[in-house]
Each structure stands twice: as structure tokens, then as C-alpha cells.
Amino acid sequence: MGIKKVTDEQPRVYFDCSKCPAYCCSIYERVVVTKRDINRLAKYFGVNVETATRRYTKLYNDERVLRRKQDVIFEEACQFLNPETRGCGIYHARPAVCREYPDRSRCAYYDVLQFERRQQDDPNVIPLVQITFREVKKTVVSNGNGSEQIYEWKQEKQ
Ligand code: SF4
Ligand code: SF4
């Protein structure tokens, strides 16, 4: 018998969701769901599509998103987040965006978690972060000393 070559088809990642309080399930106000996601939820819970839409989703500025609930660590979280294990309560029926996230080899929130645990010298501390989005316009203006960039704030991006 020859030596079995070990190959790893999975790309290397630098985060471990099982050691994270689930920032991604908590800090985003919108987890967008498609029709396909709602069909999957309906099947999973054994209800019709209308019931699943009403029960598990809501409209947020013309987008259909998952409903949220109060959370013990963050202010709010996805209604499907298990508050104790910090894992997804509907893992096999979760929406496409949850399957893809963060879609790269690093997760910024996991990096913040590790960074602050080192900074605070406390392996159990959880830094609370919030994220919101704002559109800014950058213009270059000239003055006597050359040019500088000016940021103009627009209303918060919904
Ligand atoms: S925030 Fe990052 S590390 Fe934490 S559960 Fe989400 S993807 Fe995983
Ligand atoms: S459906 Fe699951 S993975 Fe997606 S945000 Fe909610 S708890 Fe997180």
C-alpha cells in the first residue's frame, strides 16, 4: 500500500466561528433573504411560503430581511441565533448570504476579537462593536498651500 497523499482542497482561513460570539449574526441590521431562502425556510419549518415570509422576515426599506430579537451580548441579533451557543439555530436552512459570509480568508470581527483579547490580556473579553454605513463624497479643493481632500457627509446609508 502506497503512502496516501494528503491534500487540502479547502482554502486556509484565519477565523474560527465556533470561538466567536457571532458578530455577523448580530451587528448587521439587515440579513437579506431571497425567494429561494424563504422557500427553504418554509420547507424547514413545514409551513407555507406566506407564513414563513410573515413569521421570519420583514421589509426594511424595500428589502426583505430576517427578523431580529433582543440579544444578551449585543443589543439585537438574528432571531435564529442561539443565544447560549452563539451558533445558527437553522444552520442547514440558513440564507445564502450567511453561507457566503465573510467570503474571504479573514473575518474582520474575529481579528478585532483576537486583537482586544490580547490588548486587554483577557481571553474571555468580548469587544462590543457596531457597524453602520454612511455615504461620503470626497472632493479635492485648492487653497494657498496646495490642495486637500474634503469629505462631505451625506445621510446615513440605509
Ligand atoms: S463574525 Fe466572523 S468569525 Fe464570527 S461567526 Fe461571523 S464569520 Fe465567523
Ligand atoms: S440565519 Fe443563522 S447564520 Fe444567518 S444571521 Fe441568522 S443566526 Fe446567523
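Above this note sits the structure.
Computed from a prediction, not measured in an experiment: that's the story for all the values here.

### A short note on the site of ligand 2
(1) Moving on: The full set of residues close to ligand 2 is Cys-25, Val-31, Leu-66, Cys-78, Phe-80, Leu-81, Cys-88, Ile-90, Arg-94, Pro-95 and Cys-98.
(2) Moving on: Looking at side-chain class alone, the shell around ligand 2 contains ten nonpolar, no polar and one charged residues.

### With respect to the environment of Asn-48
(1) Moving on: Mapped onto the secondary structure, Asn-48 falls in the loop between helix H1 (35-45) and helix H2 (49-56).
(2) Moving on: For Asn-48, a count of 10 C-beta atoms within 10 Å gives the class exposed.

### Focus: the packing of H1 against H2
(1) Moving on: With their axes 8 Å apart at the nearest point, H1 and H2 run at an angle of 100° to one another. What the angle tells us is that H1 and H2 run roughly perpendicular. Contact with H1, carried on its side by Ile-38, Asn-39, Leu-41, Ala-42 and Phe-45, involves Val-49, Ala-52, Thr-53 and Tyr-56 of H2 and no other residues of that element.
(2) Moving on: Of the residues belonging to the contact of H1 with H2, the class tally is seven nonpolar, two polar and no charged.

### Section: the pairing of strand E2 (residues 63-66)
(1) Moving on: Sheet topology places strand E1 (residues 57-60) next to E2; four bridges connect them, and they run antiparallel. Bridge assignment links Tyr-60 to a residue of E2, and that residue is Glu-63.
(2) Moving on: Taking the residues between adjacent antiparallel strands as the criterion, E1 and E2 are bridged by two residues, where Asn-61 takes a positive phi near 45°.

### Observations regarding unusual backbone geometry
(1) Moving on: Residues Tyr-101 and Pro-102 are joined by a peptide bond in cis, for which omega reads -5°.
(2) Moving on: Tracing the chain through its elements places Pro-102 in the loop between helix H3 (96-100) and helix H4 (108-119).
(3) Moving on: Phi angles above zero are rare outside glycine, and Ala-22 is one such case at about 70°.
(4) Moving on: Relative to the elements of secondary structure, Ala-22 occurs in the segment before H1.
(5) Moving on: You can call Ala-22 buried: it has 21 C-beta atoms within 10 Å.
(6) Moving on: Phi at Arg-86 is positive, roughly 65°, even though this residue is not glycine.

### A few points about the nonpolar core
(1) Moving on: Ala-22, Cys-24, Cys-25, Leu-66, Cys-78, Leu-81 and Tyr-109 are the most contacted members of the largest nonpolar core, which has 18 residues in total.
(2) Moving on: Elements with a contribution of two residues or more to this core: H2, E2, strand E4 (76-78) and H4.
(3) Moving on: Apart from residues no more than four positions distant in its own chain, Cys-78 is found in contact with Cys-25, Val-31, Leu-66 and Arg-68.

Rules used throughout
- Residues numbered from 1 in each chain as written.
- Chains lettered and ligands numbered in written order.
- Predicted model: local features only at pLDDT ≥ 70, side-chain atom pairs only at ≥ 80, totals over all residues.
- Near = placed C-beta within 6 Å.
- Nonpolar A, V, L, I, M, F, W, Y, C, P; charged D, E, K, R; others polar.
- Helix = DSSP H or I, 4+ residues; strand = E, 2+ residues; numbered from the N terminus.
- Buried ≥ 20, exposed ≤ 12 C-beta atoms within 10 Å, placed from the backbone.
- Axes fitted to C-alpha atoms, helices over the stretch in contact; angles between N-to-C directions.
- Parallel < 35°, antiparallel > 145°, perpendicular 65-115°, else oblique.
- Contact = placed C-beta atoms within 7 Å.
- Pairing = 2+ DSSP bridges.
- Core = buried A, V, L, I, M, F, W, Y, C linked by C-beta atoms within 7 Å.

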